[in-house]
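Residue strings, one per chain:
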Amino acid sequence: MPGAERKQCARCGPESLLLCEPLYEGFTKVGEQWRCTRCGATYTDAAAPNRVSAPQPSLGPPPEPPPALFDTQTELRLCRYCRHYVVNPFRQWCARHQRDTEATDTCPRFSPPPEKNE
């Protein structure tokens, strides 16, 4: 998979971005080639220029988890979790009531799907 790193190109200087491209012989990977995105200069794996360290942005403390929008009882009674909920490319269907439904609808006659035996 090609990757990109901030490395210093011999022609362009430190403000260039080098792409890492794999080299193949048939279906066998034999190495990597670095190509400058500015001027197109290529470097083999051994002659690849040094990596330029870029300052990493500080993102601060990790964000708090989002609040729960539904309580667990309501979430489990949504039509999308019902055994009678049928989805196909053209409609969402309730097989029990024989009508169109939405995944976020709720029903007083909800029945959970059967347990999977794995």
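(A) Broad picture of the pairing of strand 2 (residues 18–25). The sheet contact formed by strand 2 and strand 3 (residues 28–36) spans eight bridges and is antiparallel. Across the sheet, the residue bridging to C20 is W34, located in strand 3. What sits between strand 2 and strand 3 in their antiparallel hairpin is a turn of two residues, with G26 showing a positive phi close to 70°.

(B) Representation of the side chain of T101 within the structure. Structurally, T101 is set in the segment after strand 7 (99–100). Reaching out from T101, the side chain makes a polar contact with the side chain of D105 at a distance of 3.0 Å.

(C) The arrangement of the pattern of salt bridges in detail. For the coordinates displayed, the defined rule picks out three salt bridges. Between E21 and R35 there is a salt bridge, with the nearest N and O atoms lying 3.0 Å from each other. In this pair, E21 is assigned in strand 2 and R35 in strand 3, connecting sequence segments 14 residues apart. According to the relative accessible area criterion, E21 is partly exposed, its value standing at 24%. The exposure class of R35 is partly exposed, given its relative accessible area of 28%. Here K29 and E32 are joined by a salt bridge, their closest N and O atoms 3.5 Å apart.

(D) Quick look at the sheet that holds strand 6 (residues 92–94). One open sheet accounts for three strands, arranged 5-6-7; its pairing is antiparallel. Looking along the sheet, the strands with just one partner apiece sit at the ends: strand 5 (85–87) and strand 7. Relative to strand 7, strand 6 is paired through two bridges, and the arrangement is antiparallel. Following the sheet pairing, W93 is matched in strand 7 by D100.

Conventions adopted
Residue numbers here run from 1 along each chain, matching the order of that chain's written sequence. Residue-level local features of this predicted model are given only where pLDDT is at least 70; pairs of side-chain atoms are given and counted only at 80 or more, and the full residue set underlies all totals for whole chains, interfaces and linings. As a rule here, side-chain values cover all heavy atoms of the structure and leave hydrogens and water aside. Here a strand pair is declared whenever DSSP counts at least two bridges between the two strands. Per the convention used, a helix needs a DSSP run of H or I reaching at least four residues, while a strand needs a run of E reaching at least two, with both numbered from the N terminus. Counted as a polar contact is a pair of N or O atoms within 3.5 Å, where, for protein atoms, one must be capable of donating a hydrogen and the other of accepting one, and residues adjacent in sequence contribute only when both atoms are in side chains. For this analysis, a salt bridge means a side-chain nitrogen from Lys or Arg found within 4 Å of a carboxyl oxygen belonging to Asp or Glu. Only protein chains enter the accessibility calculation, which uses a 1.4 Å probe; a residue whose area is less than 20% of its type maximum is buried, one above 50% is exposed, and one in between is partly exposed.

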